[in-house]
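Residues per chain, in single letters:
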Amino acid sequence: ARPDPDDSDRQDPLLRDLTDLVHKRRVAFGSAASDGPISREDSEFIVRLTAVATLGDGIFGPILDCMTGHDEDPDVRQRFRSWYAKVLLEHLDRS
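As the structure is a prediction and not an experimental result, all values here were calculated from the model. (Residues numbered from 1 in each chain as written. Predicted model: local features only at pLDDT ≥ 70, side-chain atom pairs only at ≥ 80, totals over all residues. Heavy atoms only, no water.)

Topic: a nonpolar patch on the surface
So, step 1. A contiguous nonpolar surface patch, about 640 Å² in accessible area, is contributed by L55, I59, F60, I63, L64 and M67.
So, step 2. A relative accessible area of 65% places M67 in the exposed class. (Patch = residues over 30% accessible without salt bridge, like charges linked within 9 Å, V, L, I, M, F, W, Y side chains within 5 Å. Areas by Shrake-Rupley, 256 points an atom, 1.4 Å probe, with all protein chains shown as cover. Salt bridge = Lys/Arg side-chain N within 4 Å of Asp/Glu carboxyl O. Buried < 20%, exposed > 50% of the residue type's maximum accessible area, 1.4 Å probe, protein only.)

This is the structure we're talking about:
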């Protein structure tokens, strides 16, 4: 079941607060490559994707390693995290 957005007992401000912090930092530092104002939604999606990727890799990483033939490669998850950080930074540099 989906949480009721009007049920204050079920709302957890953690991701909202993190999004606010990330967005404020992005706006403060800006980017010369930006074509306009940095949207809060973009900041929210960055936080959301990072949360999903981190949680998903924690839960499914070993299974995905086996499925892709990397079950004997103890460094593959670190390489994935480094790759993800590079992709994220490239996006941040463009926005």
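A few points about the packing of helix α1 (residues 14-29) against helix α2 (residues 40-67)
So, step 1. Running from amino to carboxyl end, α1 crosses α2 at an angle of 125°, the nearest separation of the two axes being 9 Å. If you check the angle between α1 and α2, you find them oblique. As α1 packs across α2, the resulting crossing turns out to be right-handed. Taken together, the residues of α2 that come into contact with α1 (itself represented by L15, R16, L18, T19, D20, V22, H23 and R26) are R40, D42, S43, E44, I46 and V47.
So, step 2. For the contact of α1 with α2, the residue count by class is five nonpolar, three polar and six charged. (Axes fitted to C-alpha atoms, helices over the stretch in contact; angles between N-to-C directions. Helix = DSSP H or I, 4+ residues; strand = E, 2+ residues; numbered from the N terminus. Parallel < 35°, antiparallel > 145°, perpendicular 65-115°, else oblique. Left-handed = near helix turned anticlockwise from the far one by under 90°. Contact = heavy atoms within 4.5 Å. Nonpolar A, V, L, I, M, F, W, Y, C, P; charged D, E, K, R; others polar.)

What about the pattern of salt bridges?
So, step 1. Here the structure, examined in full by the defined rule, presents six salt bridges.
So, step 2. Its salt-bridge partner being D57, residue R77 comes within 3.6 Å of it at the nearest N-O pair. Separated by 20 residues along the polypeptide, R77 in helix α3 (residues 76-94) and D57 in helix α2 bring together distant segments of the chain.
So, step 3. A residue is classified by how much of its surface remains accessible, and R77, at 23% relative accessible area, is partly exposed.
So, step 4. Given a relative accessible area of 12%, D57 falls into the buried group.
So, step 5. Among the ionic pairs, D73 bridges to R79, the shortest N-O distance being 2.6 Å.
So, step 6. A residue is classified by how much of its surface remains accessible, and D73, at 22% relative accessible area, is partly exposed.
So, step 7. Members of the salt-bridge network, linked through shared partners, are D20, R40 and E44.

Considerations on the environment of D65
So, step 1. Inspection of the secondary structure assignment puts D65 in helix α2.
So, step 2. For D65, a relative accessible area of 14% corresponds to the buried category.
So, step 3. With twelve residues separating them along the chain, D65 and R77 place their C-alpha atoms 8.1 Å apart.
So, step 4. Setting aside anything within four residues of it in sequence, one finds D65 in contact with H70, D71, V76 and R77.

Digging into the side chain of H23
So, step 1. Relative to the assigned elements, H23 resides in helix α1.
So, step 2. Accessibility expressed as a relative area gives 15% for H23, which makes it buried.
So, step 3. Of the polar contacts made by the side chain of H23, one reaches the side chain of S43; its length is 2.8 Å.
So, step 4. If we skip the residues at most four places from it in the chain, H23 touches I38, S39, R40 and S43. (Polar contact = N/O pair within 3.5 Å; in protein donor to acceptor, adjacent residues only side chain to side chain.)

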